[in-house]
Amino acid sequence: MGIFSKFVAKLKGQSTADPLDWKVLEEELLAADIGPTLTAEIIKSAQSLKGDDALASLTNILKSHLSTKSRELSVASDVRAILVVGVNGTGKTTSVAKLANLIHSFNSSVMLAAADTFRAAAVNQLQTWGERIGVPVISGKDGAEPASVAFDAAIAAKEAAVKFLIIDTAGRLHNKNDLMAELGKIRRVIEKTLPISEVLLVIDATTGQNGIAQAKIFAEAVDVTGLIVTKLDGSARGGIALAIESALDIPIKFIGTGEGERDFAPFDPERYLNGLVND
Amino acid sequence: MFDALSTKLTGAFSSLRSRGKLSTTDIENTCAEIKAALLESDVALSVVDSFIDLIREKSLAALPTLQSGSNQAQAIFEIVNAELIEILGGAARRVRLAKNPPTVIMLAGLQGAGKTTLAGKLAKFYLDQGNTPLLVASDLQRPNAVTQLQVVGESVGVPVFAPEPGNGVGNPVKVAEQALAFAKSKLHNMVIVDTAGRLGVDQELMQQAIDIRDAVKPDEILFVVDAMIGQDAVRTAKAFQDGVGFDGVVLTKLDGDARGGAALSIAKLTGLPIMFSSNGEKLTDFDIFYPERMASRILGMGDVATLAEQAKKALDTDSSAKLEEKFARGDDFTLEDFLEQLEAMSKMGSMSKLLGMLPGAGAMKKQIDNFDESEIVRTKSIVQSMTPLERQDPKVLNGSRRARIALGAGRKVQDVNALVDKFSAAQKMMRQMRNGGGMPPAMAQSMGMPAGMGAGPMGVKKGQAPSKKKSKSGNPAKRAAEERG
């Protein structure tokens, strides 16, 4: 990704004792949507860098802002229910399909629940994906109560003894109280049958500082355990995800990088940091 | 997240206000605050820098003309606000209708920006104005985008031209081309072409958009962009401008709480008008773009116009009309009416969100954050534990009735007493208000609500913000927006 390429180019071979051009770093951090708050923090720590290797020090500073929580999917229960949530248009349905495909490719059984009964044709969209990747999809009638679809899916998943159940939900803006309450309800009805093992929040890489508000409010409503950052194949750097990790300690678990079912991978922080600083 | 910008700006301006005569240092400091605030709103760095330079220059130029003692901070604020409105609305215009119909409108944008939903909204908007739009399903990429457009078209009563099933099957350029011929043969006077979402960096798909454009020669290409987008807005807008090109911008998801600083970046960098705003999941949640509202929103100076709209949506018009009538007749405001207001307010969302939309919210940030949302629930439960008679006439509330209510609401008798006392005081004030004069903010506060929120349906049914709020706003742009309602 090399978001600090300009700064790093200046930094290479420099000792931290040399005067550095912080303005360039500031610009690069801001342009990546890291946000003014975290940018100021990073610059502040960077200015007190000690040691001969400025590049390594910068990498360490960035690392210190990453979450130390596990980035693996929780496998604590027999049937692992994964609830996928987010605001409209971030790519939830596509991410659900890609995640299912990834799990499926490890020969683990997986089932999908089409609980986005609101957006026109969202159910068909997930069904098409299900056929494409060969994974069963549980759906209700058009306009069915999303919680009822989730409930039926939880029972079906338990009966079929699949390893994973992934529940797609309708996009909702975090400032709509009734819709956030609906999400809580979906969670509760699933928990009548299965424990929820993960709640993944889908964040669009193009999102600006509003992403923090999204993550905060979704986390309050349904206890988000990880992030999926989508659309990283575009020109957006997705720095907002880093800002969310840093501010709320919610780890990025997966990244989406295209429209195909394979354009999806577990998030690798080492690679990410190397990508940031080594270009 | 209404905090950052409004707090910073309110802070910057109030420190300005406390000075007698502004110095150049004051202006420098304020510029630094405005810069931080704009960045927090996702305005692109390069735009922020040039904007700040402009503000600094204009402020310094205005400095000698400012009389000490007059409201100099207000003058600086007006410069900022006017510049924002200038950039956001400078190029404003309506959609150009073709001399020889059909008028062709093509939508383009990133994945998930909201193009398909917008296509439906746009179709409804023009259908309601007496046009005969045709929707065209040229997004053959995303699974079931075609079905989605068909559903949307059906719900707004606009035909959808969809000869291809999509899901990767069919040629979107051909579909668009055929649609044009079809529209001509069926005498549709407008064609709205929905296209697949594409990234600015995807050259192959950008070429496809160019091919669609060349096939249908649109009168307007609208770039659809999510109001929540961050710094990437400039790269993406540039890529679309250089690629398929566009004539206007539509901002979507403005019903969220993003400040939408990207609007400023895009307007500034492309010089193209923002033409529409889309603000909800219903197909009627769509309007032409108001630069003044957006300026207020970016500045975090409260968005009374939006608040009033939300209030209008949430309040059942019948009940507010009833209340209005009652009020005019000279009947007393009862606990029953109070309960209806509380319910209407809870429909509008959390109190702290609503308060955040008010001008000057930044200064009250702490109180807002500490606002106990369940206070409303508690107050409601007390009123709901009363009989209809008690709600109509709180005077009948003797000791045993109060004890019963407390038991029913799960509160203490003191809580019931406190509510009744506050209500009586409020009722008295309401009578005074009818005899002339506005509602003192103290009343709303005495009802267990922070100042400014007590107005309820009274002010709203006239299609404007409750007038008490208006009188509190010292910001002329805001007042103008309110007056338009």
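Criteria and thresholds
Residues numbered from 1 in each chain as written. Chains lettered and ligands numbered in written order. Predicted model: local features only at pLDDT ≥ 70, side-chain atom pairs only at ≥ 80, totals over all residues. Heavy atoms only, no water. Helix = DSSP H or I, 4+ residues; strand = E, 2+ residues; numbered from the N terminus. Buried < 20%, exposed > 50% of the residue type's maximum accessible area, 1.4 Å probe, protein only. Contact = heavy atoms within 4.5 Å. Areas by Shrake-Rupley, 256 points an atom, 1.4 Å probe, with all protein chains shown as cover. Expected span 1.5 Å × (residues − 1). Pairing = 2+ DSSP bridges. Phe/Tyr/Trp six-rings, centres within 6.5 Å; stacked < 30°, edge-to-face > 60°. Lys NZ or Arg CZ within 6 Å of the ring centre and 35° of its normal.

Draft legend 1. A look at the overall build of chain B. Looking only at helices and strands, chain B has 24 helices and 8 strands in total. Here chain B holds 485 residues, and the buried ones make up 57% of them. The contacts in chain B between residues at least 6 apart in sequence include a share of 74% that link residues at least 24 apart. Within the structure as shown, chain B displays about 19200 Å² of accessible surface, and the carbon and sulfur contribution to it stands at 52%.

Draft legend 2. Representation of helix 5 (residues 115–128) of chain B in the model. Residues and elements named next belong to chain B. Here helix 5 contains 14 residues, and its C-alpha end-to-end distance of 20 Å stays within 8% of the 20 Å for a straight helix at 1.5 Å per residue. In terms of burial, helix 5 is largely enclosed, as 10 of its 14 residues are buried. Of the positions making up helix 5, those classed as buried are Lys-115, Thr-116, Leu-118, Ala-119, Gly-120, Lys-121, Leu-122, Ala-123, Phe-125 and Tyr-126. One or two residues past the end of helix 5 sits Gly-130, with phi positive at roughly 90 degrees.

Draft legend 3. How the structure looks around the pairing of strand 1 (residues 80–85) of chain A. Residues and elements named next belong to chain A. Along strand 1, 6 of the 6 residues are buried, which leaves the element largely enclosed by surrounding structure. Burial along strand 1 is two-sided: Arg-80, Ile-82 and Val-84 and Ala-81, Leu-83 and Val-85, pointing in opposite directions, are all buried. Where strand 1 lies against strand 5 (residues 196–204), 5 bridges are found, and the strand directions are parallel. Each residue of the ladder has a partner; that of Val-85, found in strand 5, is Leu-201.

Draft legend 4. Representation of the packing of aromatic side chains in the model. Under the counting rule described, the total for this entry stands at 8 aromatic pairs over all chains. Measuring from centroid to centroid gives 5.6 Å for Phe-125 of chain B and Phe-276 of chain B, while their planes differ by 75 degrees, and the two rings are edge-to-face. With a gap of 151 residues between them, Phe-125 of chain B in helix 5 and Phe-276 of chain B in strand 7 (residues 274–278) connect regions that are remote in the sequence. Take Phe-125 of chain B and Phe-276 of chain B: they sit in the same class, and that class is buried. Relative to Phe-246 of chain B, the ring of Phe-223 of chain B has its centre 4.7 Å away and its plane inclined at 20 degrees; by these criteria the two rings are stacked. Residue Phe-223 of chain B is located in strand 5 (residues 220–226), and its partner Phe-246 of chain B is located in the loop between helix 9 (232–242) and strand 6 (248–252); the two are separated by 23 residues in the primary sequence. With relative accessibility at 2%, the residue Phe-223 of chain B sits in the buried group. Put simply, the rings of Phe-125, Tyr-126, Phe-276 and Phe-286 of chain B touch in pairs and so form one group of aromatic residues. Lying across the ring of Phe-164 of chain A, Arg-80 of chain A places its NZ or CZ 5.1 Å from the centre.

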